[in-house]
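Residues per chain are reported as follows:
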Amino acid sequence: DTEVTQTPKHLVMGMTNKKSLKCEQHMGHRAMYWYKQKAKKPPELMFVYSYEKLSINESVPSRFSPECPNSSLLNLHLHALQPEDSALYLCASSPSQGTDTQYFGPGTRLTVL
Amino acid sequence: QKEVEQDPGPLSVPEGAIVSLNCTYSNSAFQYFMWYRQYSRKGPELLMYTYSSGNKEDGRFTAQVDKSSKYISLFIRDSQPSDSATYLCAMSADSNYQLIWGAGTKLIIKP
C-alpha cells in the first residue's frame, strides 16, 4: 500500500485564523515532507522530517509551523497566513531521507481570504 | 539557466498516438530520475523511477535516461484520454534528499 492521506481536502481560512493540515502514512517510511504547489508550477519543498526530527527547513516563514508527533503523522500548523499563501499543500513520504522515491498525498487546497 | 528544463506545453495528440515527453538537465551528479503524473487538483503520482542510465518499461510507459546527453524521456504508447495530465520530471543526486523538478508538461489526448 503506497498511500499517503491528507486532511482536509479543502480549507478556507481568514488571515487571523489558526488551522492545521494533517498527513498520515502507514508504509513505515521514516522521512516525510511538506511541499507547496502553486498553479502550473512544480512542487516547492518546505520542510523535511527524518526519523521524526526536523531535518530541513527551506527558509519558510514562521507562520508555517511543522510538527511530527510520531513516525506516521505529520502536521502543518498555520497562523496569520497571507492571501499569497493560497496553494495546494502536498505531503510526501519516502523510506528514508536520501532515498528518492517520494510518494505524495492528494494535497490540501488552501485558500486564504 | 535552470537545472532542469521541461517544455510546459500543452502537447495535444490524438488518441492512440505515441507520446514523447522530455527533460534536459545540467547537473551531471544526478543519478535518480523520476516521472510523476499529476491530474488537475490532485497530488503527483510516481509513474516511473530509473537509476542511472538505460531504459525501463512498465506497460504502455517507457522511461529512458541518456546521461551522456543529460536527457531523459518518457514514452507513452497507445495513448488514452485518461493519460491527459501534467507530467513532471524530477531528479536528484546520490544521497541528496532534494528532488529538482521540471516545470511539467501538460498533455492532452484528444478522443
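J.: Quick one: what's the story with the side chain of A:Thr101, residue by residue and with numbers?
T.: Summarising the element assignment, A:Thr101 is placed in the loop between β9 (87-94) and β10 (103-104). Taking relative accessible area as the criterion, A:Thr101 reaches 13% and is therefore assigned buried. Those residues in contact with A:Thr101 that sit more than four places away from it in its chain are A:Ser93, A:Ser94, A:Pro95, B:Leu46 and B:Tyr49.

J.: Got a sec to walk through the state of the cysteines? Specific residues and values, please.
T.: Inspection of the entire model under this criterion finds two disulfides over all chains. One disulfide in the model links A:Cys23 with A:Cys91; its S-S distance is 1.9 Å. A torsion of -70 degrees about the S-S bond marks the disulfide between A:Cys23 and A:Cys91 as left-handed. Of this pair, A:Cys23 sits in strand β3 (residues 18-25) while A:Cys91 is found in strand β9, placing the two residues 68 residues apart along the sequence. Each member of the pair, A:Cys23 together with A:Cys91, is buried. In this model, B:Cys23 is linked to B:Cys89 through a disulfide, with the two sulfur atoms separated by 2.0 Å. Between B:Cys23 and B:Cys89, the S-S dihedral sits near -105 degrees, and the bridge is therefore left-handed. Of this pair, B:Cys23 sits in strand β3 (residues 19-25) while B:Cys89 sits in strand β9 (residues 85-93), and the two are 66 residues apart along the sequence.

J.: Hey, could you go over the interface of chain A and chain B for me, with residue numbers and the actual values?
T.: Taken together, the contact pairs 21 residues of chain A with 20 residues of chain B. Taken together, both faces of the contact between chain A and chain B bury some 1600 Å²; the carbon and sulfur share is 58%. Here chain A is connected to chain B by zero salt bridges. Elements with a contribution of two residues or more to the side of chain A that touches chain B: β4 (31-37), β5 (44-50), β9 and β10 of chain A. A per-class count over the side of chain A that touches chain B returns eleven nonpolar, six polar and four charged.

What counts, and at which threshold
Residues numbered from 1 in each chain as written. Chains lettered and ligands numbered in written order. Predicted model: local features only at pLDDT ≥ 70, side-chain atom pairs only at ≥ 80, totals over all residues. Heavy atoms only, no water. Helix = DSSP H or I, 4+ residues; strand = E, 2+ residues; numbered from the N terminus. Buried < 20%, exposed > 50% of the residue type's maximum accessible area, 1.4 Å probe, protein only. Contact = heavy atoms within 4.5 Å. Disulfide = S-S within 2.5 Å. Buried area = accessible area lost by both parts, 1.4 Å probe. Salt bridge = Lys/Arg side-chain N within 4 Å of Asp/Glu carboxyl O. Nonpolar A, V, L, I, M, F, W, Y, C, P; charged D, E, K, R; others polar.

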